[in-house]
Amino acid sequence: MHAAVIQTADAPPVYRDHPDPAERHGDEMVVEVLAAGLHHLTRAKANGSHYSSKGVHPLVPGVDGVVRDTEGNLRYVVLDDSALGTFADRTLIDPRRSVILPDGIDPVRIAAAMNPAMSSWIALRRRVEFHAGQRVLVLGATGNAGRMAVQIAKLFGAAQVVAAGRDTARLRALTALGADETITYDQIGRAADVDVVIDYVWGEPAAGAMMPMLTARADRTAPLAWIQIGSVAGQTAPIPSVALRSARLQIVGSGIGSVPARDILAELPELASAVAAGAIDVRARAVPLAQVAQAWTAETDDRIVFVP
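Below is a short write-up of the structure. (Residues numbered from 1 in each chain as written. Predicted model: local features only at pLDDT ≥ 70, side-chain atom pairs only at ≥ 80, totals over all residues. Heavy atoms only, no water.)

## Points about the packing of aromatic side chains
The relation between two aromatic rings is expressed through the spacing of the ring centres and the mutual angle of the planes.
Okay, so step 1: Counting across every chain of the model gives 2 aromatic pairs.
Okay, so step 2: Ring geometry for Phe-87 and Phe-306: centres 5.0 Å apart, planes at 75°, overall edge-to-face. Of this pair, Phe-87 sits in the loop between strand E5 (74–78) and strand E6 (90–93) while Phe-306 sits in strand E15 (residues 303–307), and the two are 219 residues apart along the sequence.
Okay, so step 3: With a centroid separation of 4.9 Å and an interplanar angle of 70°, the aromatic rings of Trp-121 and Phe-156 are classed as edge-to-face. (Phe/Tyr/Trp six-rings, centres within 6.5 Å; stacked < 30°, edge-to-face > 60°. Helix = DSSP H or I, 4+ residues; strand = E, 2+ residues; numbered from the N terminus.)

Here it is, written out as structure tokens:
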């Protein structure tokens, strides 16, 4: 078979021949890969910068995808740490870490959407007690996951969703996806009275936004749940201690390790149904896996999905 293979952490993947996978015990299943998304997580695990990466090379990247099993079922699968990912003609899965998809579903659409959509979906379902009528701020709303977070918060019944980012043109486009207000980071005080922050940026922007928001809140004793998901602006944020004492602020993370695998898997069928039904806008671009080296570092608004 063919696969994308990364020999060292600083090298791009190379499309080449690769040995076929073989089942080693009864919990494994060889499947045909139909579509696999190129996510930030995929790159970070491959180059060793993600906290869950084991740094093992050579490596076939790919953390998830849509596959066909030996009985003809389509499945969305999330792989455990493995040196054989989904950027291959075939891979090895634990079927317990997958969900069977309905017939007629678009594999590219599912592969593009599930990973970025999962971040905010699981954060609101499993990390805080979110309920309809609450107000949400999305920091980093112009990225792929941020765009979906705006839509998912609305889907869950948010009374108001404020989208924050740097690119004003991209921010304006979010009103069509459910954003009630769009702001840049220097206007963060306008979102002071939200109930939940979904944070994809962290770093200096998050730290710079936190104190102005807290000091501008009409009622500092009202709970504010700050969910840290991504760190595109920096791995660390200089949060002053007064932020935790002067307001009813709760900072939690949502990601691999903070949410049990069983809880993540429990959410996947409903999320897949929402994506399939068109409840979440998806920007996907199918690219042949043979072009993986060129696409690996491509800058695009669409989610690249590798197909055979």
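## As for helix H2 (residues 107–127)
Okay, so step 1: If you check H2, its first and last C-alpha atoms are 28 Å apart, about what 21 residues at 1.5 Å a residue would give, namely 30 Å.
Okay, so step 2: Along H2, the sharpest kink reaches roughly 40°, centred on Met-118.
Okay, so step 3: Among the 21 residues of H2, 17 are classified as buried, and the element is accordingly described as predominantly covered.
Okay, so step 4: Sitting at the amino-terminal end of H2 is Asp-106, which places a side-chain oxygen 3.1 Å from the backbone nitrogen of Val-108. (Expected span 1.5 Å × (residues − 1). Bend = angle between axes of the 7 residues up to and from the residue. Buried < 20%, exposed > 50% of the residue type's maximum accessible area, 1.4 Å probe, protein only. Polar contact = N/O pair within 3.5 Å; in protein donor to acceptor, adjacent residues only side chain to side chain.)

## Some words on the environment of Leu-214
Okay, so step 1: When you line up the elements, Leu-214 lands in helix H5 (residues 203–216).
Okay, so step 2: Under the relative-accessibility criterion, Leu-214 is labelled buried at 1%.
Okay, so step 3: It is 50 Å that separates the C-alpha atoms of Leu-214 and Asp-89, two residues lying 125 residues apart in sequence.
Okay, so step 4: Discounting chain neighbours no more than four positions away, the residues touching Leu-214 are Arg-220, Leu-224, Ala-243, Ala-247 and Leu-249. (Contact = heavy atoms within 4.5 Å.)

## Some remarks on the nonpolar core
Okay, so step 1: Judged by nonpolar contacts, the single largest core of 59 residues is most densely connected at Tyr-76 and Leu-124.
Okay, so step 2: For this core, the leading source of residues is H2, giving 12 residues.
Okay, so step 3: Discounting chain neighbours no more than four positions away, the residues touching Tyr-76 are Asp-64, Gly-65, Arg-97, Ser-98, Val-99, Leu-101, Ile-110, Met-114, Asn-115, Met-118 and Leu-268.
Okay, so step 4: Core analysis: the next-biggest nonpolar cluster, separate from the first, contains 29 residues, Ala-36, Val-60, Ala-88 and Leu-289 among them. (Core = buried A, V, L, I, M, F, W, Y, C linked by side-chain atoms within 4.5 Å.)

## Description of the sheet that holds strand E13 (residues 249–253)
Okay, so step 1: With parallel pairing, the 6 strands of this open sheet are ordered in space as E10-E9-E8-E11-E12-E13. Two strands lie at the open edges of the sheet, namely strand E10 (181–183) and E13, each paired on one side alone. Sheet twist, expressed as the mean angle between neighbouring strand axes with direction ignored, is 20°.
Okay, so step 2: Where strand E8 (residues 135–139) and strand E11 (residues 196–199) come together, 4 bridges link them in parallel fashion. Looking across to E11, one finds that Leu-139 is bridged to Asp-199.
Okay, so step 3: Together, E11, strand E12 (224–228) and E13 form the strand contacts of H2, whose direction differs from that of E11 by roughly 140°. (Pairing = 2+ DSSP bridges. Axes fitted to C-alpha atoms, helices over the stretch in contact; angles between N-to-C directions.)

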